[in-house]
Structures are given as C-alpha cells and as structure tokens.
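Secondary and tertiary structure notes
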Amino acid sequence: MGLNWKAAIDSIPILNKAALLTLELTAGAVAIGLVIGLFMALARLSKNKLLRAGSIAYIDFFRGTPLLVQIFLVYFLVPKLLNWDTLPDNYQYIAGVLAMGLNSGAYIAEIFRAGIQSIDRGQSEAARSLGMTQGQSLRYVILPQAFKRVIPPLGNEFIALLKDSSLLSIIAIQELFYSAKIIAGRTYQPIPMYIAAALYYLVMTQLIAQWVAYMERRLGKNDLR
Amino acid sequence: MIFVKNLHKYFGKLEVLKGIDCHIREKEVVVVIGPSGSGKSTFLRCLNKLEEPTSGEIIVDGIPLNSEVNVNAIRREVGMVFQRFNLFPHMTAIQNIILAQEVVRKTSKAEARKIGLELLDKVGLSDKADEYPDRLSGGQQQRVAIARALAMKPKIMLFDETTSALDPEMVGEVLAVMKDLAREGMTMVVVTHEMGFAREVGDRVIFMDEGIIMEEGEPNEVFAHPKNPRTQAFLSKIL
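First, a word on scope: everything that follows refers to the structure included in this document. (Residues numbered from 1 in each chain as written. Chains lettered and ligands numbered in written order. Predicted model: local features only at pLDDT ≥ 70, side-chain atom pairs only at ≥ 80, totals over all residues. Heavy atoms only, no water.)

1. Points about the side chain of Thr 26 of chain A
All names here are of chain A. Threshold: Segments assigned H or I by DSSP are reported as helices when at least four residues long, segments assigned E as strands when at least two residues long, and all are numbered from the N terminus. The cut-offs for exposure are 20% and 50% of the maximum accessible area for each residue type, with area from a 1.4 Å probe on protein chains only; residues under the lower value are buried, those over the upper are exposed, and the others partly exposed. Here, residues are in contact when the closest pair of their heavy atoms is within 4.5 Å.
Turning to its location among the elements, Thr 26 is positioned in helix H2 (residues 12-45). Judged by its relative accessible area of 5%, Thr 26 falls in the buried class. Those residues in contact with Thr 26 that sit more than four places away from it in its chain are Met 100, Phe 158, Leu 161, Leu 162 and Ser 165.

If you want it as structure tokens, here you go:
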C-alpha cells in the first residue's frame, strides 16, 4: 500500500502529550460527572417533586441530545451567561471539560440510581428502625453497598467518556484525535496516523478496564453473593 | 406503653388493617398469630412507622406517632428484628452493632464496642465479632440482628417472624435468646408461627385475621378453648 510509518513514529512524542491531555480531560469530566451524577440520582429518588422533576429534565436533556451539540452549546453559552467580553486563555479546555462532565453526569446519575435501587429495601428499613435518619442510612448503609455494584457500569461510562473526548477536537482542543488529524494532514499519511491514534485509545481504554477490574476485586472481597 | 386506637391501613385500595385497637403494657410479651395475609406484620410495622398508617392513632411510650421528628425519637426506643435479618453485609458483626450506637446515640467508639461485645456474648456469639454476615449461619445472623437492636437500649422490641426464614435446627437458638429477653422483663411484640413459644413465653396472644383482631387472651386459654370459630379453624390446622 506504500504506507509511510515514519510519520507516525516521528510523531510519538506529540501523540504522547496529546494522549496525556486526553486522559486529563477525561479525568476532569469524570470528576464533574460523579458529583453531578450523585446529586442527580439522589434528587431523582427524593420525595420532593421539584427535585425529582429537575433531575429528570436534566437527565433527559443530556442523554437525549448529541454530545457534539452540547459541546458547542456550552462553548458559546457560558461566556454569554457570565457576561465575559473576552475569553480567558485556554477557554476551550474549560468549556470542553464542563460539557463532557455535564453530559456524563446524566449517565452516571442513572447508574447511581440503579445501584441505590438495587439494594434490598430491608437494608434501609433496618437502618431506619435503629433510629438513623434517611441521610445517615444512605451514607453508612446504602451508598457503600451501592457503590460496589456500580463499579462495572461506571467503568463502561469512563471508557465511553475517554473515547468521546475525541469530539473535543471540534473546539480546537489538541487532544489525541486532533493531533493525529493535524499530523495526518501535514504528512499526507492519514492511515498510519489514525491507526496510531486508534492504538493509543485502545491502550488507554484497556488501562481503565484493568483498573476497574482491580477495584471490583478489591471492593468485592467481602461480598460473596 | 403502646396504645393503638382504630388503626386502619390501606395498600392502594386493599384494606389490610380494618380498625385495630390494642394496648400493650410495660414488660408484657404479646404474641401475634394468624394466617398469612392477616395483616399481623403490617400491624407490627406500623408500630415503628415503617408503614404509614392510613388513619388511627398510635402512642408509643407517651409519644404520639406523627411528625418525622417523633418518628426517629421513637425508633430509637423501639428495636425491631426482621424475618430476613437485614444485617449490613459490608460490615462485620461487631461493626453492625456499633454503627447506630455511634451515629444515633453518639456513643464513643470504645464504649459502643464494649456494649457490642457484651451483647454478642449474651447471644452466644462472642467468637464471631469480626466475621462478616456472609460467613454466619442464618441463626447466627439473626442473633447478631437481635444484639444490634438491643445495643440501642430499646424499651420495646418488635419481632417480625424472626424464625420463619431459618432452617429448623436453628430456630431453637434464636427462640432461646428471645426467651431470655422476655425473662429479663423486656416489653415485646412478637409475630410468629411458633405456637410453642407463644404458649410458653407469651403473656397474651392476639389472633388476627382479615385485618382485625379476632380474639385475644391468655395463651393457655386461647389455645385450649378458642372462642371465635376462625381461631378454632386456624388452630386446628396448625396444632
């Protein structure tokens, strides 16, 4: 086929840097997503109608519209809402991480909700019968058990998020896909560059999968069921 | 100690409790019997508001059961043991007993542990303190659950078919712990199918069917000379 692999090999230092940025963006989004996800899951399960409706609307919106659209929306909407005349340096990173975090928050909310609801009702009844408040029961009894059960679906979500971070190339964030594309265009070697990018993604998703499996084993050791 | 006045409970359109009136005195052991679906577990669960009564009045230890604040105050004084044990599986036996003492009673960890170990000793499980529930037999789990409830120093204990999920050979060890409690003067409301226990330990037997109290009285009297035809039919089937 006459592929020139030299371009890909020469670009390894750049791709390494870009891959690291991809990991950082994903980690930032995961952190935001976990916080939003927990809050939205609790709101969704709350007795308060307003909280419940708000949570459902949030989840529906962020699950029901494309991440690509959300990235643009956040990118243009945030400066408007905050009345910024000039954008801060590296604003695209803030917008990118925020958009991905908001999006994953919706998915993580559903994962947490399923996890919390999967815990036998007898557990909270036992906690409440001992005089614990709802919050105490949640904190000491329900969430620790639920968290164990949601590790596998959380792992899936983290992997999906890492791959979806390639969409951030659209707002000129120099993550892995963006860098591969730029080099491909400059060297006229798209195939080696995209194969290299794919391999980088594969290695990173494998790392996440391994880490999730490790967490599952570690936290699951007292749970024989 | 517990006053119940005209208690009604609906699940949707189904009326499960159709007007229960009942007074349980201090140090009394009341055994509730009846066919399944008679509402006896629902009645018990109303007493610490795990079920919300549809109407009626419940007064526990002088406190009417209505607002959320009262509910937690009352649950502290009313221990409950469940059919399915409901131990916290992510905690060892002793941690199960320590948790609510620390969180609800604000007992220090050392003191809570001391109380926990004493109670485990009392239910015959001092060697199982650091075992997780998965490693315990059903009878052992249920005894830990009793110790966990007792750690809150309740004034009243509710038992909801506590031996129904157990293998036959483990029923005795749980009943023995309950008998000890009764002997020490604990106020107890016991929903059970163990008629031997009802007879031996109960101060009073309540027979429930179709959501009402059909008959109540001294165990020997009720078992030997049931007056209500329903009671007669029920007892003839199981005795």
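2. A look at unusual backbone geometry
At Tyr 188 of chain A, a position not held by glycine, the phi torsion is positive, near 55°. Looking at the element boundaries, Tyr 188 of chain A is found in the loop between helix H8 (176-187) and helix H9 (190-220). Relative accessible area serves as the criterion here: at 70%, Tyr 188 of chain A is assigned to the exposed category. Phi at Phe 85 of chain B is positive, roughly 65°, even though this residue is not glycine.

3. A closer look at the environment of Ser 169 of chain A
All names here are of chain A. Its location among the elements puts Ser 169 in the loop between helix H7 (134-164) and H8. Remark: the alpha-carbon pair of Ser 169 and Ala 7, spanning 162 residues in sequence, is separated by 20 Å. If sequence neighbours within four positions are ignored, Ser 169 has contacts with Glu 175, Phe 177 and Tyr 178.

4. Observations regarding the packing of aromatic side chains
Applicable threshold: In summary, the pairing rule links any two rings of Phe, Tyr or Trp, Trp by its six-membered ring, whose centres are within 6.5 Å, and it sorts them by plane angle into stacked for under 30 degrees, edge-to-face for over 60 and tilted for everything else. To sit over a ring, a charge needs its Lys NZ or Arg CZ within 6 Å of the ring centre and within 35 degrees of the ring normal.
Tallied over the entire structure, the rule returns nine aromatic pairs over all chains. A centroid spacing of 4.6 Å and a plane angle of 40° characterise the contact between Tyr 58 of chain A and Phe 62 of chain A, whose relative ring orientation is tilted. You can see Tyr 58 of chain A and its partner Phe 62 of chain A sitting in helix H3 (residues 49-64), four residues apart, about one turn around the helix. For the ring pair Phe 72 of chain A and Phe 76 of chain A, a centre distance of 6.4 Å and an interplane angle of 10° mean the geometry is stacked. In this pair, Phe 72 of chain A and Phe 76 of chain A both sit in helix H4 (residues 67-81), four residues apart, roughly one turn of the helix. Every member of this aromatic cluster is reached through a ring pair, and the members are Phe 72, Tyr 75, Phe 76, Trp 84 and Tyr 91 of chain A. Of note, Arg 148 of chain B hangs over the ring of Phe 88 of chain B, and the distance from its end group to the ring centre comes to 4.4 Å.

5. Let's talk about the sheet that holds strand S4 (residues 55-60) of chain B
To keep it simple, the criterion reads: The pairing criterion is simple: DSSP has to find at least two bridges between the two strands.
Reading across from one edge, S2-S1-S4-S5 (chain B) is the order of the four strands in this open sheet, with antiparallel pairing throughout. In this open sheet, the two edge strands, each paired with only one partner strand, are strand S2 (14-24) and strand S5 (63-64) of chain B.

6. A look at the interface of chain B and chain A
Condition: When two components associate, each loses some accessible surface as probed by a 1.4 Å sphere; the sum of these losses over both components is called the buried area. Salt bridges are defined as contacts in which a side-chain nitrogen from Lys or Arg sits within 4 Å of a carboxyl oxygen from Asp or Glu. Polar contacts here mean pairs of N or O atoms no more than 3.5 Å apart (in protein, one a potential hydrogen donor and the other a potential acceptor; neighbouring residues in sequence count only if both atoms are side-chain atoms).
With 27 residues of chain B in contact, the opposing surface of chain A contributes 23 residues. Between chain B and chain A the total buried area reaches about 2,100 Å² when both faces are included, carbon and sulfur atoms providing 57% of it. Considering only the surface of chain B that becomes buried against chain A, Phe 88, His 90 and Asp 134 of chain B emerge as the three largest contributors, covering 24% of it. Summed over the shared surface of chain B and chain A, the result is one salt bridge. A salt bridge links Arg 45 of chain B to Glu 125 of chain A; the shortest N-O distance between them is 2.6 Å. In this structure, the connection of chain B to chain A is made through five residue pairs in polar contact (both at pLDDT 80 or more).

7. Brief notes about H8 of chain A
Residue and element names in this part refer to chain A. As a reminder of what qualifies: By this rule, a helix spans an expected 1.5 Å times one less than how many residues it contains.
In this model H8 runs 16 Å from its N-terminal to its C-terminal C-alpha over 12 residues, within 8% of the 16 Å that 1.5 Å per residue would give. Taken together, the buried positions of H8 are Leu 176, Tyr 178, Ser 179, Ala 180, Ile 183 and Ala 184. Summarising the contacts, the buried residues of H8 are in contact with H2 and H9. Structurally, the start of H8 carries an N-cap: the backbone nitrogen of Phe 177 is 3.1 Å from a side-chain oxygen of Glu 175.

8. What to know about the packing of H2 of chain A against H8 of chain A
In a packed pair of helices, the relevant descriptors are the angle between the two axes and the axis-to-axis distance. Residues and elements named next belong to chain A. The line we're drawing: For every element, the axis is a line fit to its C-alpha atoms; helices are fit only across the contacting stretch, and the angle between N-to-C directions ranges from 0 to 180 degrees. Note that the term roughly parallel is reserved for angles under 35 degrees, roughly antiparallel for angles over 145, roughly perpendicular for angles of 65 to 115, and oblique for everything else. By the convention adopted, Pro, Cys, Tyr, Trp, Phe, Met, Ile, Leu, Val and Ala count as nonpolar, Lys, Arg, Asp and Glu as charged, and the other residues, Gly among them, as polar.
Interaxial distance between H2 and H8 falls to 7 Å at its minimum, and their mutual angle equals 150°. Taken together, H2 and H8 sit at an angle that is classed as roughly antiparallel. Facing H2, whose interface residues are Ile 14, Leu 15, Ala 18, Ala 19 and Thr 22, H8 presents Leu 176, Ser 179, Ala 180 and Ile 183. Residues belonging to the contact of H2 with H8 are distributed by class as follows: seven nonpolar, two polar and no charged.

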